[in-house]
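# Residue-level structure breakdown
Read off the chains here:
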Amino acid sequence: MYKNSILDELDELIKSEKTAEYKLPLRCGVDLGTANIVIAVVDADGKPVAGIVNESKVVKDGIVVDYVGAIKNLKKMKAELEERLGTELINAATAIPPGILVKNAKGFVSVVEGAGFEVTNIVDEPTAAATVIGIKDGAVVDIGGGTTGISVLENGEVIFTADEPTGGTHMTLAVAGYYGVDKAEAEKMKKDRSHQSDIYSIVVPVVEKMSTIVKGFLKDHPTDTVYVVGGASLFDDFEETFNKVTGVECIKAEKALLVTPYGIALNCK
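The rules behind these values
Residues numbered from 1 in each chain as written. Predicted model: local features only at pLDDT ≥ 70, side-chain atom pairs only at ≥ 80, totals over all residues. Heavy atoms only, no water. Helix = DSSP H or I, 4+ residues; strand = E, 2+ residues; numbered from the N terminus. Rg over C-alpha atoms; globule rule 2.2 N^0.38 Å. Buried < 20%, exposed > 50% of the residue type's maximum accessible area, 1.4 Å probe, protein only. Contact = heavy atoms within 4.5 Å. Areas by Shrake-Rupley, 256 points an atom, 1.4 Å probe, with all protein chains shown as cover. Lys, Arg positive; Asp, Glu negative; His and termini not counted. Charge placed at Lys NZ, Arg CZ, Asp CG, Glu CD. Core = buried A, V, L, I, M, F, W, Y, C linked by side-chain atoms within 4.5 Å. Axes fitted to C-alpha atoms, helices over the stretch in contact; angles between N-to-C directions. Parallel < 35°, antiparallel > 145°, perpendicular 65-115°, else oblique. Left-handed = near helix turned anticlockwise from the far one by under 90°. Nonpolar A, V, L, I, M, F, W, Y, C, P; charged D, E, K, R; others polar. Salt bridge = Lys/Arg side-chain N within 4 Å of Asp/Glu carboxyl O. Pairing = 2+ DSSP bridges.

In this section: the overall build of the chain. Broken down by element type, the chain carries nine helices and 12 strands. Computed over C-alpha atoms, the radius of gyration of the chain comes to 18 Å, within 12% of the 18 Å expected from 2.2 N^0.38 for 269 residues, which places it in the range of a compact globule. When each of the 269 residues of the chain is scored for burial, the buried share is 53%. At a minimum sequence separation of 6, the contacts of the chain that also span at least 24 residues come to 65%. Working note: accessible area of the chain is about 12100 Å², and carbon and sulfur atoms make up 49% of it. Averaging the locations of the 28 positively and 40 negatively charged side chains of the chain gives two centres separated by 3 Å.

Structure below.
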């Protein structure tokens, strides 16, 4: 498992709704996900100083489907962070799933700008995660709510990116179908750590599909190591399934939900 004390710091700041001392200028990373919107704030030295996470359904399969809701939610989150920090947040970077169309990327930018940020950079999600992990060779797989994305790096350069519509939402649908409950209840059950082993036995076919997708991506771009990030990868046995299906060493991030937004913030110019 990949562990990073800086991500622990960001996680604690989010949970406690507190801020750390900072050196201006502040930079923001806005991650518009299928299940959550995350804002990570770093200072001039790249140190995390604040963060916020809100559940959201404004993005589906890498496309913004609710512009008004997305802007409204993001504006509120921005205002909360500004009140905590005692200063205005201006510059932000955002990320898109790899391989999406230019017009869809513009949708992400429009939302972030609509919330009052100046967008200084756009990166793809796995590449943002690679910034945090600090790898020059290997693959980063971002398991999001709606998609499984991958970036393959060689000598520090991204040589391949791809994305497929299979993610945490598909896990939720599997749980809903098995127990005969609605999606909202299934999502709660999926996140309940006390019943994780039971839930994982239900969603493992979805994880195997994700693993198979990644295996296909790596067919023409072989690598020795795959780093897995993203909120949908939080199950304890996730790594084991990926290792088994792909035949490649898979290392999962401990604070999987926060790797990408922190990486986005670090890529804010």
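Here the focus is the nonpolar core. With 28 residues, the main nonpolar core has Ile143, Ile150, Met171, Leu218, Val226, Phe238 and Phe242 as its most contacted residues. Mapped onto this core, the elements with two or more residues apiece are strand E8 (138-143), strand E9 (148-154), helix H5 (168-179), helix H7 (196-219), strand E11 (225-229) and helix H8 (238-246). Tallying contributions element by element places H7 first for this core, with 10 residues. Apart from the residues lying within four places of it in its own chain, the contact partners of phenylalanine 238 are Ile143, Met171, Tyr200, Val207, Met210, Val228, Ala232, Ser233 and Lys252. The next biggest cluster of nonpolar side chains, apart from the first, holds 27 residues, and it includes Ile52, Leu81, Ala92 and Val111.

Two numbers describe how H7 lies on H8: the axes approach to 9 Å, and their chain directions differ by 45 degrees. Between H7 and H8, the crossing angle belongs to the class labelled oblique. In the packing of H7 onto H8, the handedness of the crossing is right-handed. Taking contact as the criterion, the partners of Tyr200, Val204, Val207, Glu208, Met210, Ser211, Thr212, Val214 and Lys215 in H7 are, on H8, Phe238, Thr241, Phe242, Val245 and Thr246. In the contact of H7 with H8, the residues fall into eight nonpolar, four polar and two charged.

Inspection of every chain in the model, using the stated rule, returns nine salt bridges. Between glutamate 187 and lysine 191 there is a salt bridge, with its nearest N and O atoms 3.6 Å apart. Remark: lysine 191 and glutamate 187 occur in helix H6 (residues 183-191); sequence separation between them is four residues, near one turn of the helix. A residue is classified by how much of its surface remains accessible, and lysine 191, at 40% relative accessible area, is partly exposed. Residues participating in the shared-partner salt-bridge network are Glu55, Glu187, Lys190 and Lys191.

Pairing is mixed in the open sheet, where five strands are placed in the order E3-E2-E1-E6-E7. Looking at strand neighbours, the two that pair on one side only are strand E3 (48-55) and strand E7 (118-124), the edges of this open sheet. Neighbour to neighbour, the strand axes of the sheet diverge by 20 degrees on average, direction disregarded. Strand direction decides the pairing type here: strand E1 (residues 27-32) and strand E6 (residues 91-96), joined by three bridges, are parallel.

This part is about the packing of helix H1 (residues 5-16) against helix H9 (residues 256-266). Viewed as axis vectors pointing N to C, H1 and H9 meet at an angle of 100 degrees, and their least axial separation amounts to 10 Å. When the axis of H1 is compared with that of H9, the two are roughly perpendicular. Where H1 approaches H9, its residues Ile6, Leu7, Leu10, Asp11 and Ile14 are matched on the opposing element by Leu258, Val259 and Tyr262.

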